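# Structural features, examined
As a plain string of letters, each chain reads:
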Amino acid sequence: MKKIYSIIFFVHFIIQSQLGVAQTHTLDTLRTDRTCEIGEIVVTGSRQETDIRHLSQSVSVVNRHRIDRSMQPSLLPILTEQVPGLFVTSRGIMGYGVSGGAAGNISLRGVNGGSARLMVMIDGHPQYAGIFGHPIADAYQSFLAERVEVLRGPASVLYGSNAMGGVVNIVTRKMVEDGVNTNLRAGYGSFNTLETELSNRIRKGRFSSIVSGTYNRTDGHRADMGFGQYSGYAKLGYEVTDRWKLRGDVNITHFNASYPGPVDAPLVDGDQRITRGMTSFAVENSYEKTSGAFSFFCNWGKHWINDGYTPSAGEGPQDDRFLSRDNMMGVSVYQSAQFFRGNRVTVGFDWFRYGGHAWNEYVASEMAGTITDLVDKQENELAGYVDLRQDIATWLTFNAGLRLDHHSRVGEEWVPQAGLAFHLPHAIELKISASKGFRYPILREMYMFPPQNPDLQPESMWNYEIAFAQRILNSRLIYGVNLFYIDGRNLIQTLPNPNGSGMLNQNSGRIENCGVEIQTAYHIDNKWSVNGNYSYLHMENPLVAAPKHKLYAGVDFSRGRWNVSTGIQYVGGLYTAVGEYESTEDFVLWNLRASFRVLQCLDVWARGENLLAQQYEINAGYPMPRATVLAGFNVNF
């Protein structure tokens, strides 16, 4: 209880100190006399809507227009193109899967999300498997998103553990004006691939709703690589008054996936049946000088996995199946206020509980019908934090934050960050920041399988960054450059046990990464626009699935009934294996998407991927498909 009281005292102290300041200053809103135009509004870097120019950290935004033009059922391929420094592994035309042979591993600046070092959120709520700690890539679908905000760098002050390397926040769709909108999208193409999506959005007065469903499937480009998925999403909102809002949502996805093993050792019966669900409820308030929210969320998963066998190695069918049920629930409370001129303070409190039960169930041999437990644990996190933004002058904003996080097993972790945002003449923005990220060891590392170690301690890292951006030609041309250095310590690695035989998870690893990120976009005229990004990453300790070079250049054309988008992506120095058998891949992908409006409510579309028919691998032993084509229609009424 002493730990809980210390966190409550920490939050109470911050609130009282800020109220004390407020009594001696005149309340005022943030300055609005800046000579440059208002920038893009985001929520991820501060929990409330904020002009991106005021944040000292780097946030990339992929909006609904870009998502629609990409014509992808999954959000992750879109982020790989549009966000510098971010890369997602893949193994086929559709579906990422879990366990052996899985893809969907997200890396950002060489920090690996598959090791729970990168957080995916939906409307600010963490989304990861309670036992394994990593995101579930097949749950992040395009029909959910109004936009996606990617904070590149630690976000642990606001979001705690697992936000060590950054966050991907999916902001769900909404209906702004009164009316009813229904959309049906369907497509079919290579390898018997089918994509369908049906959504309905309603707004009437103070009430709003969104209901969506999707079904996707493919045979895959290799034998035993089928994938099928169906999902449903519903969100209801009600504005009680002009200042208070209620919202709640539920999202369930189920997929069946098969994985064929590497090409040199084909696998039989590698099958998965996965169900993931989430629900949340929130009460939000918004006044002229204060805003905040109380929210509750709950995520859960059910996994059934047959690891299969390799006949060429003399193996026979598996005697057992891996099953697990995991969950994560939490409460988040925060309130932001403007206490005096150019000031914004956010004070918050988080409670998380996560864990689950994993076991092997035998279906053959003399042990048929028996169960072997692997882990059955629950753990808690409790945290308080404060985030401060202060306009020192019309040309300078100061940002700082501090979090005190308590883990039920590990103890306390202090997490600071600070930065400056300079608003200079000629629409120039210059940002300097230093931020700490951390993550607690996950249940798998502590309690499951022979390398487990219950005495593991948290990992931590510091990110130092300088960012420059400018808008010219009446803001039609935007460009920016980021330089960053990452220093991470106590990373968990599996190494020989220093006190016995076998292997043991140990806090002995280090991250030392540095790099450059460049983004640009040019709106040439009403018909043509171009955009591009490039990232260079140097890693002292190479990581699988983190490319040294990543370049994307795209062109958009819109005239009359036609919309066409095309892009070239170059990936160089992509590690597919490290260590003694180190290997890398270089490849160039050309993608093309086009739509034509046949009627006011009917479009036809086509999408081509890897049209240069490149032969390449992202996951070692899993060659990617050559050129693929899908086409379909979109009905909107």
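First things first, this report covers the structure right here in the doc. (Residues numbered from 1 in each chain as written. Predicted model: local features only at pLDDT ≥ 70, side-chain atom pairs only at ≥ 80, totals over all residues. Heavy atoms only, no water.)

## So, the overall build of the protein
We apply this condition: Strands are runs of DSSP state E lasting at least two residues, helices are runs of H or I lasting at least four, and both sets are numbered from the N terminus onward. It is over C-alpha atoms that the radius of gyration is taken, and the globule rule equals 2.2 Å times the number of residues to the power 0.38. Exposure categories follow from relative accessible area, calculated using a 1.4 Å probe and restricted to protein chains: below 20% of the type maximum is buried, above 50% is exposed, and the middle band is partly exposed. Should any heavy atoms of two residues lie within 4.5 Å, those residues are counted as being in contact. The Shrake-Rupley method, run with a 1.4 Å probe, gives the accessible areas here. Residue values count only the displayed protein chains as cover. By the counting rule applied here, Lys and Arg register as positive and Asp and Glu as negative, while His and the ends of each chain are not counted. Every charge is mapped onto a representative atom, which is NZ of Lys, CZ of Arg, CG of Asp or CD of Glu.
A count of helical and extended segments in the protein gives five helices and 34 strands. Against the globule reference of 26 Å for 637 residues, the protein gives a C-alpha radius of gyration of 24 Å, in line with a compact fold. Oriented by its inertia axes, the alpha-carbon framework of the protein measures out at about 80 × 65 × 50 Å. By the burial criterion, 55% of the 637 residues in the protein qualify as buried. Long-range pairs, those at least 24 residues apart, make up 62% of the contacts in the protein with a sequence separation of at least 6. Working note: accessible area of the protein is about 26,500 Å², and carbon and sulfur atoms make up 58% of it. Positive and negative side-chain charges in the protein, numbering 57 and 61 respectively, have mean positions lying 7 Å apart.

## So, the sheet that holds strand β10 (residues 166-172)
In plain terms, the rule: In this scheme, strands are said to pair when DSSP sees at least two bridges between them.
Read across the sheet, five strands follow the order β3-β9-β10-β7-β8 without closing on themselves; strand pairing throughout is mixed. Since the sheet does not close on itself, it has two edges, and those belong to β3 (58-63) and β8 (125-126), each with one partner. Bridge count for strand β7 (residues 119-122) against β10 is four bridges, and the pairing is parallel. Among the inter-strand pairings, M119 is bridged to a residue of β10, identified as V167.

## Notes on the pattern of salt bridges
As a reminder of what qualifies: When a carboxyl oxygen of Asp or Glu lies within 4 Å of a side-chain nitrogen of Lys or Arg, that pair is called a salt bridge.
Scanning the model with the defined rule gives 31 salt bridges in all. A salt bridge links R510 to D487; the shortest N-O distance between them is 3.1 Å. Taken together, the residues span a long stretch of sequence, with R510 in strand β26 (residues 503-523) and D487 in strand β25 (residues 477-496) at a distance of 23 residues. Overall, the relative accessible area of 34% leaves R510 in the partly exposed class. The closest approach of N and O atoms between R593 and E609, which form a salt bridge, is 3.5 Å. On the criterion of sequence distance, the pair formed by R593 in strand β30 (residues 583-599) and E609 in strand β31 (residues 602-609) is long-range, its members being 16 residues apart. On the basis of relative accessible area, R593 is assigned to the buried category, the value being 6%. With a relative accessible area of 14%, E609 lands in the buried category. When salt bridges that share partners are traced, they join E81, R185, E195, R593, R607 and E609 into one network.

## Focus on the nonpolar core
Here is the rule: In plain words, nonpolar cores are sets of buried Ala, Val, Leu, Ile, Met, Phe, Trp, Tyr and Cys residues tied together by side-chain atoms within 4.5 Å.
If you look at the biggest cluster of nonpolar residues, it comprises 29 residues, and the most contacted ones within it are L79, L86, V148, V150 and I170. Each residue touching L79, except ones within four places of it in the same chain, is listed here: V62, L86, V148, V150 and V168.

## Comments concerning the side chain of E195
Worth spelling out the cut-off: Nitrogen and oxygen atoms within 3.5 Å of one another constitute a polar contact, given that in protein one can donate a hydrogen and the other can accept it, and given that sequence-neighbouring residues count only through two side-chain atoms.
Assignment of secondary structure puts E195 in strand β12 (residues 193-204). Of the residues examined, E195 reaches a relative accessible area of 2% and is grouped as buried. In terms of polar contacts, E195 uses its side chain to reach the side chain of R185, at 3.4 Å. A polar atom in the side chain of E195 sits 2.9 Å from the side chain of R607. Apart from residues no more than four positions distant in its own chain, E195 is found in contact with M71, P73, M94, R185, A186, G187, Y215, N216, W605, R607 and L630.

## Brief notes about the environment of A594
Mapped onto the elements of the fold, A594 is located in strand β30. Sequence separation between A594 and Q506 is 88 residues; the distance between their C-alpha atoms is 51 Å. Excluding anything up to four places from it in sequence, A594 contacts M71, N563, V564, V604, W605 and A606.

## A short note on the packing of aromatic side chains
This is how it is decided: For Phe, Tyr and Trp, where Trp contributes only its six-membered ring, two rings pair if their centres lie within 6.5 Å, and the inter-plane angle classes them as stacked under 30 degrees, edge-to-face over 60, or tilted in between. Only lysine NZ and arginine CZ atoms are considered, and such an atom sits over a ring when it is within 6 Å of the ring centre and within 35 degrees of the ring normal.
A complete count under the given rule lists 12 aromatic pairs for this structure. Centre to centre, the rings of W528 and F557 are 4.7 Å apart; their planes meet at 50°, and the pair counts as tilted. Remark: F557 occurs in strand β28 (residues 549-559) and W528 occurs in strand β27 (residues 528-539); sequence separation between them is 29 residues. Classification of W528 by relative accessible area gives partly exposed; the value is 40%. Summarising the aromatic geometry, the rings of W562 and F596 are spaced 4.9 Å apart at their centres and angled 50° between planes, so their arrangement reads as tilted. In this pair, W562 is assigned in strand β29 (residues 562-577) and F596 in strand β30, connecting sequence segments 34 residues apart. The partly exposed category is assigned to W562, whose relative accessible area is 43%. Aromatic rings pair up to connect W462, Y464 and Y485 into one cluster. Between the NZ or CZ atom of R109 and the centre of the ring of F484, over which it lies, the distance is 4.4 Å.

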